[in-house]
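# Remarks on the overall topology
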Amino acid sequence: MTTFPAQAERVVQLLQGHRSIRKFTEEKIPAATISEIIRCAQMASTSSHLQAYSIIGVTEQSLKQKLAEYAGNQTYVETCSHFLVFCADLHRLDYVSRAQGVDVTETLETTEKFIVATVDAALAAQNAAVAAEAHGLGIVYIGGIRNNPDKVAELLGLPDKVYPVFGMCLGYPDQDPEVKPRLPQSCVYFENRYPDLHSLADELKQYDQEVKQYYLQRTKGKRQDTWTDMVVKTLSTPSRTHMKSFLKEQGFPLK
Ligand SMILES: Cc1cc2nc3c(=O)[nH]c(=O)nc-3n(C[C@H](O)[C@H](O)[C@H](O)COP(=O)(O)O)c2cc1C
C-alpha cells in the first residue's frame, strides 16, 4: 500500500470519496464559506491568466425555482442552499480591451477562445467542488441548464460573449450515497501511445459487472445497467442540438 504524508492522504481521501449529492438539508451555507469556495475556484490554473469565466451564485428562491425547471425539473436545484452557475466569459476581456481602445473581436470569436473560456470555467468549478466537499458540503454539477441556455442567460442577465457552461448545487448532504466506480486505470491512462481498445475488452467487461452491482445495490434491484449499456442509451439520441445556434447568438461564432 502506498503511504502518503498526512496532508496528501487527506486530500487523496477527499478526492477519492467524491460522490454527487442530490438531497440537501435546509441548513444555509455561511457567507464566509461561500467566499472561501470562490477564492479556491479563483486559484485554479487559467489559460494565459485570462480568467475567462464568471460565477453567478443564485440564492433567491424564485430564481432557483426557475433554474430547476429550465434544467429539466431537477428539484435539487431548488432545494440546495446555493446554486452556482459557471459561465465561460469573454465579455470582460472584450470590455478591458475596448477600454484600452483595442478591438479584439476577431480573436474572441475564434473556436480557440471558446475552448479557453469553457476550460477556465470547468477548472474553476472543480476547484470549487473540492473546496466545498472539504467543508463537508455536497455538490452536484447541473449540465441540465443547457436544456434551456437562452432562458438561463436571460434570467441571469448574461451579456453577449458569456454563456452558462453548467450549474452546481451546493448544500449540506441529506444522503450518503456510495462512491460510483470509475473505469479501471488501464482504460483511461496510457503510456506513450494510445492503445488498440480491443486490448481492453476484458477490463471493460469486468467494469461492466462492477457497475451493474453498484446499480443493483443502489436501486435495490430495480436497475441493473452495465456501463456500456448506459453509454449506448445516453448516446443513442443526440442531445441539446440547439447549443450550436445558441452559442452563435450569444457571441461565440466559433470561427
Ligand atoms: C458537466 C456535468 C454535468 C452534469 N449534469 C448533471 C445534471 O444535470 N443532473 C445530475 O443529476 N447530475 C449531473 N452531473 C453529475 C454526473 O451524473 C455524475 O458526476 C456522474 O454520474 C458520476 O457520479 P458521481 O459524481 O456521483 O461520482 C453532471 C456532471 C458533470 C461533470
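Residues numbered from 1 in each chain as written. Predicted model: local features only at pLDDT ≥ 70, side-chain atom pairs only at ≥ 80, totals over all residues. Heavy atoms only, no water.

Per an unreviewed UniProt entry, the protein goes by the name Nitroreductase and belongs to Caldalkalibacillus thermarum. What UniProt records for the protein under Sequence similarities (unreviewed entry) is the sentence "Belongs to the flavin oxidoreductase frp family." (UniProt positions renumbered as here; feature names shortened; annotations may be inferred.)

### Observations regarding the UniProt feature "domain: Nitroreductase" (unreviewed entry) in the protein
What UniProt calls "domain: Nitroreductase" (unreviewed entry) maps, in this numbering, to residues 16–172. Across residues 16–172, the secondary structure splits into 45% helix and 18% strand, with the terminal C-alpha atoms separated by 19 Å. (Helix = DSSP H or I, 4+ residues; strand = E, 2+ residues; numbered from the N terminus.)

### A word on the packing of helix H2 (residues 31–42) against helix H7 (residues 111–134)
It is the contact of H2 with H7, at a shortest axis distance of 7 Å, that shows an interaxial angle of 140°. Taken together, the axes of H2 and H7 are oblique relative to one another. The hand of the H2/H7 crossing is right-handed. In this structure, H2 uses Ile37, Cys40 and Ala41 to contact H7, whose residues at the interface are Ala124, Asn127, Ala128, Ala131 and Ala132. Across the contact of H2 with H7, the residue classes tally to seven nonpolar, one polar and no charged. (Axes fitted to C-alpha atoms, helices over the stretch in contact; angles between N-to-C directions. Parallel < 35°, antiparallel > 145°, perpendicular 65-115°, else oblique. Left-handed = near helix turned anticlockwise from the far one by under 90°. Contact = heavy atoms within 4.5 Å. Nonpolar A, V, L, I, M, F, W, Y, C, P; charged D, E, K, R; others polar.)

### What to know about the nonpolar core
Leu67, Phe83, Ile142, Tyr163, Met168, Cys169 and Leu170 are the most contacted members of the largest nonpolar core, which totals 55 residues. The greatest single-element share of this core, amounting to nine residues, is contributed by H7. (Core = buried A, V, L, I, M, F, W, Y, C linked by side-chain atoms within 4.5 Å. Buried < 20%, exposed > 50% of the residue type's maximum accessible area, 1.4 Å probe, protein only.)

### A closer look at the pattern of salt bridges
Note on pairing: side chains with opposite charge can pair once their charged atoms come close. Counted under the stated rule, the structure contains nine salt bridges. The salt bridge partner of arginine 19 is aspartate 176, with a shortest N-O separation of 2.6 Å. Pair noted here: arginine 19 is in the loop between helix H1 (6–16) and H2 and aspartate 176 is in the loop between strand E4 (162–171) and helix H9 (185–188), with a separation of 157 residues, a long-range link. You can call aspartate 176 exposed: its relative accessible area is 63%. The salt bridge involving arginine 223 is made with aspartate 225; its shortest N-O contact spans 3.2 Å. (Salt bridge = Lys/Arg side-chain N within 4 Å of Asp/Glu carboxyl O.)

### Points about the environment of serine 62
Tracing the sequence through the fold places serine 62 in helix H3 (residues 61–70). By relative accessible area, which is 45% here, serine 62 ends up partly exposed. C-alpha of serine 62 to C-alpha of glutamate 78: the two residues are 16 residues apart in sequence and 8.6 Å apart in space.

### What about the domain arrangement of the protein?
According to the domain assignment, the protein contains domain 1 (18–177 + 243–249) and domain 2 (185–224). Of note, the centres of domain 1 and domain 2, computed from C-alpha atoms alone, are 30 Å apart. (Domains from an automatic or database assignment.)

### Examining the packing of aromatic side chains
Tallied over the entire structure, the rule returns eight aromatic pairs. Consider the rings of phenylalanine 190 and tyrosine 194, whose centres lie 4.9 Å apart with planes at 70°: the pair is edge-to-face. Overall, tyrosine 194 belongs to the exposed group, its relative accessible area being 60%. Members of the aromatic cluster, each reached through a chain of ring pairs, are Phe86, Tyr141 and Phe166. Above the face of the tyrosine 215 ring, arginine 223 is positioned so that its terminal group lies 3.8 Å from the ring centre. (Phe/Tyr/Trp six-rings, centres within 6.5 Å; stacked < 30°, edge-to-face > 60°. Lys NZ or Arg CZ within 6 Å of the ring centre and 35° of its normal.)

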